[in-house]
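These are the residues of each chain, in order.
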Amino acid sequence: MSDNIGFVIGDISRLIRRTFDERAEEIGVTRPQWRVLTWLKRNEGINQGGLAELLELDAMTVCRMVDRLQESELIERRPDPTDRRAWQLFLTPKAIAITNKLRPIGEELLQEAMDGISEAEQEQLHHLLDQVRSRFQRIDEEATDRRHIANG
C-alpha cells in the first residue's frame, strides 16, 4: 500500500529540513533563524506582523525572534515611513553573508535528492507540484474568504 501524496510531501519536507539543519549547523544559525532570514530576504521591508503571517507564527513569537536577531546584528529595524507605529525589517550585511552560505547547502541537497532523475522528469515534477501548490493556494484563499464573510 502506498502513502497518499500529502503524507509523501510532508515526509519529504521533514527530511529536507532535518538534513538541511545538519548541514547548516556549521554556519551557526538555528532553523527558526534561517527561516526568518530566508523569508526576510525575499520580503525585505516587511513589518513584523507581515513576517508573522508568512512564518505562520504568532506576533509575540516573531517579536522575540526579531529581537534576538537584531541583538545578533542580523536584522535591522527601520521606521516605516507610512506608519509611525510600525518598523520595517531589513537584513544586515552579516545576515546577507549567512543567507549566501545557506543557499548552496540547499541547492546541493536538492541535487543529491534528484540524482538519477532525468532533467525532463525533474521539470515535470516541478510543473506538477506548482499546479498542486496553486490549487492549494486557491483553496486556502476561498476558505479565508468564507471565514471573513462568516465573521462579518
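Check the entry above for the structure.
Keep in mind it's a predicted model, so treat the numbers as computed, not measured. (Residues numbered from 1 in each chain as written. Predicted model: local features only at pLDDT ≥ 70, side-chain atom pairs only at ≥ 80, totals over all residues. Heavy atoms only, no water.)

**Q** Can you break down the side chain of Arg77 residue by residue, with the values?
**A** Counting through the fold element by element, Arg77 comes out in strand S1 (residues 75-80). For Arg77, a relative accessible area of 18% translates into the label buried. There is a polar contact of 2.7 Å between the side chain of Arg77 and the side chain of Asp67. A distance of 2.4 Å separates polar atoms of two side chains, one belonging to Arg77 and the other to Gln70. (Helix = DSSP H or I, 4+ residues; strand = E, 2+ residues; numbered from the N terminus. Buried < 20%, exposed > 50% of the residue type's maximum accessible area, 1.4 Å probe, protein only. Polar contact = N/O pair within 3.5 Å; in protein donor to acceptor, adjacent residues only side chain to side chain.)

**Q** Could you give an account of the packing of aromatic side chains, with specific residues and numbers?
**A** Summed over the entire model, instances satisfying the criterion amount to one aromatic pair. Here Arg42 stacks its cationic end above the ring of Trp39, 5.4 Å away from the centre of that ring. Above the plane of the ring of Phe90 lies Arg78, whose end atom (NZ or CZ) is 3.9 Å from the centre. (Phe/Tyr/Trp six-rings, centres within 6.5 Å; stacked < 30°, edge-to-face > 60°. Lys NZ or Arg CZ within 6 Å of the ring centre and 35° of its normal.)

**Q** Could you give an account of unusual backbone geometry, naming the residues involved and the relevant values?
**A** Unusually for a residue other than glycine, Glu56 sits at a positive phi of about 55°. As for its position among the elements, Glu56 is in the loop between helix H3 (48-55) and helix H4 (59-71). Under the relative-accessibility criterion, Glu56 is labelled exposed at 73%. Of note, the phi angle at Glu73 is positive, near 60°, even though the residue is not glycine. Position of Glu73 relative to the elements: it lies in the loop between H4 and S1.

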